[in-house]
Amino acid sequence: MKKRIAFIINPISGKGYGKNLPKIIQNNLDLSLFDYVVFFTKEPGDGTKIALDCVNENYFAVIAVGGDGTMNEIAKSLIHTNTALGIIPAGSGNGLARHLSIPVNTVKAVQQLNRSEIINIDYGIANEKPFFCTCGIGFDAQVSLEFAKAKRRGVMTYFEKMFTTYRNYKLQTYQMQGEGLNFKNKAFLITFANASQWGNNAYIAPHASVQDGLLDVSVMSNFPDIAIPGVLLQLFTKTIHNDLHVTTFRTKEITLTRETPGAFHIDGDPFQEERKINIKIVSDGLKVLVKRRF
């Protein structure tokens, strides 16, 4: 019996597929294995509603076509269900897809669905909001906020917002409390990672695993401008945990308190959050399609 799958496409994601993706699916999906339908989102929240309908109709899988924000919107309807998440990366960062070795080439990503298998992965919760790749506070959250306001998408716009935000950025003092932990200090940014990278192969938590039942926490303190090239190099060579300005640890749950409410990102999408944020990991809560292991 063929497996029913649904593709939910964000037409304004980083690559801007528009009407091209259905033809790519038709030409590259094994139609002897799958029956499929295609949906396009029209506004924020559509992906969540459509994915929930697919769960209620017992679909085998829902394929998120977009970036990490689109993936999050769809995946949160699939947690603790028998419907698996598939990903066709089409965003600016594609952090979870890259962590799971899903090709960023669209044709190859569709073809990989033909030889895929299901694994169970962890997910995180930050003040009751699910995340699947990373969430965080500080500089990267502020960049996400500025990027969301931009009229243009893509990697170059993201880097532009990074540099303009950096010029005016002011550090806050953060306190984190958890089992055996009481941390208080100023920080440039703090990332809570289920997966290993922010996206674009920038590895903020190189040793993070989506199947270990733990959060990898990376705290980056202030650093001089002269250190920026080295920090960037370490992010892209999976060695940022060795930097003198970075502190890392693992935990199942943590409560963070900051000076004032403000920006907080979940899978790259910015939110306004309160001073106190509780972050925890939930083990084996989501089924995901990945390349079949031989």
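Note: the structure precedes this text.
Heads up: these notes are all about the structure in this document. (Residues numbered from 1 in each chain as written. Predicted model: local features only at pLDDT ≥ 70, side-chain atom pairs only at ≥ 80, totals over all residues. Heavy atoms only, no water.)

Turning our eyes to something else, we now look at unusual backbone geometry. Glycine aside, residues mostly have negative phi, and peptide bonds are mostly found in the trans state. Positive phi is not limited to glycine here, since N200 has a value of about 55 degrees. Relative to the assigned elements, N200 resides in the loop between β10 (189-193) and β11 (215-220). Overall, N200 belongs to the partly exposed group, its relative accessible area being 25%. Positive phi outside glycine occurs at N201, with the angle close to 65 degrees. With respect to the helices, strands and loops of the structure, N201 is situated in the loop between β10 and β11. (Helix = DSSP H or I, 4+ residues; strand = E, 2+ residues; numbered from the N terminus. Buried < 20%, exposed > 50% of the residue type's maximum accessible area, 1.4 Å probe, protein only.)

Once that is clear, we can look at the sheet that holds β10. Taken in spatial order, the six strands line up as β12-β11-β10-β7-β14-β15 in an open sheet, and their pairing is antiparallel. For this open sheet the edge positions go to β12 (246-251) and β15 (269-273), each flanked by a neighbour on one side alone. Each strand of the sheet is rotated relative to its neighbour by a mean of 20 degrees, with strand direction disregarded. Two elements, β10 and β11, share five bridges in a ladder whose sense is antiparallel. (Pairing = 2+ DSSP bridges. Axes fitted to C-alpha atoms, helices over the stretch in contact; angles between N-to-C directions.)

So, about helix α1 (residues 21-28). Along α1, the positions that sit buried rather than exposed are L21, I25 and N28. The arc that holds the buried residues of α1, viewed along the axis, is 90 degrees, so those residues lie on one side. The outward face of α1, more than 90 degrees from its buried face, is lined by the exposed residues K23 and N27. The secondary structure elements touched by the buried residues of α1 are β1 (3-9), β2 (34-40), β3 (61-66) and α5 (106-113). (Arc of directions from axis to C-beta. Contact = heavy atoms within 4.5 Å.)

Turning next to the environment of I204. Examined against the element boundaries, I204 turns out to sit in the loop between β10 and β11. Relative accessible area serves as the criterion here: at 1%, I204 is assigned to the buried category. Residues I204 and I190, 14 residues apart in the sequence, show an inter-C-alpha distance of 9.8 Å.

Burial of strand β7 (residues 134-138) is extensive: five of the five residues sit out of reach of the surface. The sheet contact formed by β7 and β10 spans five bridges and is antiparallel. When the bridges of β10 are listed, G136 appears paired with T191.

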